[in-house]
Amino acid sequence: MSTFKTLLNQYNWNDTLQSIYAKTENDVLQALGKSTRDLEDFKALVSPAAAPYLEDMAQLSQQITKKRFGNTIQMYAPMYLSNECQNICTYCGFSMTNKIPRRTLNDAEILKETAFLKSKGYDHILLVTGEANRTVGVEYLKHAIQLIRSQFSNITIEVQPLDQDEYELLIAHGLYAVLVYQETYHRDEYKKHHPKGKKSNFDYRLETPDRLGKAGIHKIGLGSLYGLEDWRADSFFTALHFKYLQKTYWKTKYSMSFPRLRPFSGGLEPKVEMTDRDLVQLICAYRLLDEDLELSMSTRESELFRDHIVNLGITSISAESKTNPGGYVVEKQSLEQFEISDERPTEVVAEMLKSKGLEVVWKDWANNWQ
């Protein structure tokens, strides 16, 4: 059975990028005038030609989101279990070459962290680790899920890519969703940023969502790390990946995240800048491409940006995030994976959302059991 790799190999990066920049005002107007849009329309909507029509895109995005999701927005919290990692990644604070104290939470520490998040009202949790198979492999993840599954309606993970049978095992123990970002779909640039470790295998990472789909996961989260390469091309290939998965694994739900390269200790400067205006354009383009796609916004972005984007297509948002293991209660001062921009408490963010006319959803349906 073919995978997304087969489809991706039919595309040339430079040709795709040129086709995006070649889109005209007429292409943009045609895309805006449609009720359903394809990937060529998406190219037009992320092209420079669409920039003058950002207000039109924003209004349409808001209308479509309200029609599909109503005046609701879901809140979730990430919880970092470990910063141990066997990869070298040029952009990450957890990279193996960074001389930082390494820590993996034990049961008592995990329960302290989850108790804090439950006290804040969270019912959807995202478990995050570095990529260290020996320390935070499948058995550790299975145990962590079993430990906390009675406390949360939905448990999502963002960890190293796994094999299909490993995903099936975690799903059987309560796993709801998996986030896996390709970082960049440019093979040569990917190799530059991932020179060592299991993550250096571009194809294995690329085919992870296929393994998830075959395993029967409820939801898959996609995304690119914007700043490693031209954001317009990477966003197109992420959209191509999403549409392939949606057609192939039609029982699965999908979400999209929009991480921009953020500073970390000894950090990498973005190769290509993505402005706030660019990010708004991209978020609206994804909403116009698909009304069912969940769009997620993390605390990487500023208070001002998050306050304005929540009404334009975003359906889930995190708050008060800590990107170091034990960061909520256990060890507040250890090194973070990347810098947080919006540090407001959960209660403040929830009140902001309510002031925007949005109903905060802590729980939509339960995927846990005793």
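Residues numbered from 1 in each chain as written. Predicted model: local features only at pLDDT ≥ 70, side-chain atom pairs only at ≥ 80, totals over all residues. Heavy atoms only, no water.

Peer 1: Before we go on, may I ask you to explain the pattern of salt bridges in this structure?
Peer 2: Oppositely charged side chains are able to pair whenever their charged atoms sit close together. This structure, assessed with the given rule, holds 28 salt bridges. Put simply, K142 and E139 hold a salt bridge, and the shortest N to O gap is 3.3 Å. Taken together, the residues span about one helical turn, with K142 and E139 both in helix 7 (residues 138–148) at a distance of 3 residues. Take K142: its relative accessible area is 18%, and that puts it in the buried class. Looking at E139, the relative accessible area reads 51%, which means it is exposed. (Salt bridge = Lys/Arg side-chain N within 4 Å of Asp/Glu carboxyl O. Helix = DSSP H or I, 4+ residues; strand = E, 2+ residues; numbered from the N terminus. Buried < 20%, exposed > 50% of the residue type's maximum accessible area, 1.4 Å probe, protein only.)

Peer 1: What exactly am I supposed to notice about the packing of helix 2 (residues 13–21) against helix 12 (residues 231–248) here?
Peer 2: The packing of two helices is summarised by the inter-axis angle and the distance between the axes. Running from N to C, helix 2 and helix 12 cross one another at 105°; their axes reach a closest spacing of 9 Å. Taken together, the axes of helix 2 and helix 12 lie roughly perpendicular to each other. Residue-level contacts link W13, T16, L17, I20 and Y21 of helix 2 to R232, A233, D234, F236 and F237 of helix 12. Residue classes in the contact of helix 2 with helix 12 are distributed as 7 nonpolar, 1 polar and 2 charged. (Axes fitted to C-alpha atoms, helices over the stretch in contact; angles between N-to-C directions. Parallel < 35°, antiparallel > 145°, perpendicular 65-115°, else oblique. Contact = heavy atoms within 4.5 Å. Nonpolar A, V, L, I, M, F, W, Y, C, P; charged D, E, K, R; others polar.)

Peer 1: Even after reading the chapter, I still don't get helix 2, so can you show me in this structure?
Peer 2: Note on helix geometry: an α-helix contains 3.6 residues per turn, so any two residues three or four positions apart are oriented the same way. Among the residues of helix 2, W13, T16, L17 and I20 are the ones counted as buried. Along the axis of helix 2, the buried positions cluster into a sector of 100°, meaning they face one direction only. Where helix 2 is buried, its residues contact helix 4 (39–46) and helix 12. The N-cap of helix 2, judged by a side-chain oxygen 3.0 Å from the amide nitrogen of N14 a few residues on, is N12. (Arc of directions from axis to C-beta. Polar contact = N/O pair within 3.5 Å; in protein donor to acceptor, adjacent residues only side chain to side chain.)

Peer 1: What is the right way to look at the nonpolar core in this model?
Peer 2: Generally speaking, a soluble globular protein has its nonpolar side chains buried in company with each other. Among the nonpolar cores identified, the biggest contains 99 residues, and F42, M75, L127, F258, L282, Y286 and L353 are the most heavily contacted of them. The residues contacting M75, other than those within four sequence positions of it, are Y122, H124, I317, A319, T346, V349, A350, L353, V360, V361 and W362. Among the nonpolar cores identified, the runner-up in size contains 15 residues, and Y80, C85, Y181 and L225 belong to it. (Core = buried A, V, L, I, M, F, W, Y, C linked by side-chain atoms within 4.5 Å.)

Peer 1: It is not clear to me how the pairing of strand 2 (residues 124–128) should be interpreted in this structure. Could you clarify?
Peer 2: Moving residue by residue along a regular strand, the side chains alternate between the two faces of the sheet. Of all 5 residues in strand 2, 5 are buried; the element is thus mostly enclosed. Because side chains alternate across strand 2, one face comprises the buried residues H124, L126 and V128, and the other comprises I125 and L127, equally buried. One ladder, built from 4 bridges, connects strand 1 (residues 72–80) with strand 2; its direction is parallel. The residue bridging A77 from the neighbouring strand is I125, located in strand 2. In this fold, the crossover linking strand 1 to strand 2 by way of helix 6 (residues 107–119) has right-handed handedness. Bridge count for strand 2 against strand 3 (residues 154–158) is 5 bridges, and the pairing is parallel. Each residue of the ladder has a partner; that of L126, found in strand 3, is T156. Handedness of the strand 2-helix 7-strand 3 crossover: right-handed. (Pairing = 2+ DSSP bridges. Right-handed = clockwise from strand over helix to strand, strands pointing away.)

Peer 1: I would appreciate a short explanation of the environment of G213 in the present structure.
Peer 2: Within the element layout of this structure, G213 appears in helix 11 (residues 208–215). With a relative accessible area of 13%, G213 lands in the buried category. Other than its neighbours up to four places away in sequence, G213 contacts I220 and Y249.

Peer 1: Help me out: how do you make sense of unusual backbone geometry in this one?
Peer 2: Of all residues except glycine, most have a negative phi; of all peptide bonds, most are trans. Backbone geometry places E183, a non-glycine residue, at a positive phi of 75°. Checked against the element boundaries, E183 lands in the loop between strand 4 (177–179) and helix 9 (187–193). The exposure class of E183 is buried, given its relative accessible area of 9%. With phi around 55°, E320 is a residue other than glycine that occupies positive phi space.

Peer 1: Help me out: how do you make sense of the environment of G221 in this one?
Peer 2: Structurally, G221 is set in strand 5 (residues 219–222). Once the C-alpha coordinates of G221 and K253 are considered, the two residues, 32 residues apart in sequence, prove to be 8.6 Å apart. Not counting chain neighbours up to four residues away, the residues in contact with G221 comprise V178, L179, V180, Y181 and S255.

Peer 1: Even after reading the chapter, I still don't get the packing of aromatic side chains, so can you show me in this structure?
Peer 2: Aromatic rings considered in pairs are described by the distance between their centres and by the relative angle of their planes. Under the criterion given, the structure shown has 14 aromatic pairs. Taking the centre distance of 6.0 Å and the plane angle of 55° together, the rings of Y11 and F236 count as tilted. In this pair, Y11 is assigned in the loop between helix 1 (4–8) and helix 2 and F236 in helix 12, connecting sequence segments 225 residues apart. Since its relative accessible area comes to 33%, Y11 is described here as partly exposed. Considering the side-chain rings of F242 and Y254, the 5.8 Å spacing of their centres and the 70° angle between planes classify their relative orientation as edge-to-face. Taken together, the residues span a long stretch of sequence, with F242 in helix 12 and Y254 in strand 6 (residues 253–257) at a distance of 12 residues. (Phe/Tyr/Trp six-rings, centres within 6.5 Å; stacked < 30°, edge-to-face > 60°.)

Peer 1: What am I meant to see in the pairing of strand 1 here?
Peer 2: Most of strand 1 sits inside the fold, with 8 of its 9 residues counted as buried. As defined by bridge partners, strand 1 adjoins strand 9 (residues 359–361) across 3 bridges and the pair is classed as parallel. The residue bridging Q74 from the neighbouring strand is V361, located in strand 9. As paired elements, strand 1 and strand 8 (residues 316–318) share 3 bridges and run parallel to each other. Directly across from M75, in strand 8, lies its bridge partner I317.

Keep in mind these numbers describe shape, not what the thing actually does.
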